[in-house]
Amino acid sequence: GTSNMLPNIEIPFANCTLLQRFFEIINVLQLPLPYIEKDVVRTDREHACYKADDSPYLTKLKSILITYSFYNFDIGYVQGMNDIVTPFFLLFLF
């Protein structure tokens, strides 16, 4: 007869505890943050909206970049996206 064996499928995190899974997911989600933070503070600092270190516009730009990187997780964040987003951000801001 034939046997009804299930295929050997690797399930991610299958041998981890729930807490280990949680920390693994958190680490994956935090991957783009250091790059976004570095790029945001370098964004067109001569522009009036971005001159102050505590500018709310820098915070909004960071939020937009983080949201995009999670929304399009396969693409994520790549260096320079802040320079691409800034003209659109400023266009719709004013």
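Right, let's walk through the structure included here. (Residues numbered from 1 in each chain as written. Predicted model: local features only at pLDDT ≥ 70, side-chain atom pairs only at ≥ 80, totals over all residues. Heavy atoms only, no water.)

## Examining the overall build of the chain
Now for step 1: When you go through the chain residue by residue, the secondary structure sums to 4 helices and 0 strands.
Now for step 2: Tracing the chain from N to C terminus, the helices and strands come up as α-α-α-α.
Now for step 3: Within the chain, the fraction of its 94 residues that count as buried is 22%.
Now for step 4: For the chain, long-range pairs separated by at least 24 residues make up 55% of all intrachain contacts whose partners lie at least 6 apart in sequence.
Now for step 5: Accessible surface computed for the chain: about 7600 Å², of which carbon and sulfur atoms make up 62%. (Helix = DSSP H or I, 4+ residues; strand = E, 2+ residues; numbered from the N terminus. Buried < 20%, exposed > 50% of the residue type's maximum accessible area, 1.4 Å probe, protein only. Contact = heavy atoms within 4.5 Å. Areas by Shrake-Rupley, 256 points an atom, 1.4 Å probe, with all protein chains shown as cover.)

## Some thoughts on helix α4 (residues 81-93)
Now for step 1: Given a rise of 1.5 Å per residue, 13 residues ought to cover 18 Å, and the 18 Å separating the end C-alpha atoms of α4 matches this to within 8%.
Now for step 2: Those residues of α4 that sit buried are Met 81, Asn 82, Val 85, Thr 86, Phe 89 and Leu 90.
Now for step 3: The secondary structure elements touched by the buried residues of α4 are α2 (33-42) and α3 (56-71). (Expected span 1.5 Å × (residues − 1).)

## Structural notes on α3
Now for step 1: Taking 1.5 Å of rise per residue, the 16 residues of α3 would be expected to cover 22 Å, and the 22 Å separating its terminal C-alpha atoms lies within 8% of that figure.
Now for step 2: Three or more residues of α3 are buried, namely Leu 58, Leu 61, Leu 65, Ile 66 and Ser 69. The arc enclosing the buried residues of α3, seen along the axis, measures out at 135 degrees, which places them on a common side. Exposed residues on α3 whose side chains face more than 90 degrees from its buried face are Thr 67 and Tyr 71.
Now for step 3: Taken together, the buried residues of α3 touch α2 and α4.
Now for step 4: Of the residues that open α3, the one with a side-chain oxygen 3.1 Å from the backbone nitrogen of Tyr 57 is Ser 55. (Arc of directions from axis to C-beta. Polar contact = N/O pair within 3.5 Å; in protein donor to acceptor, adjacent residues only side chain to side chain.)

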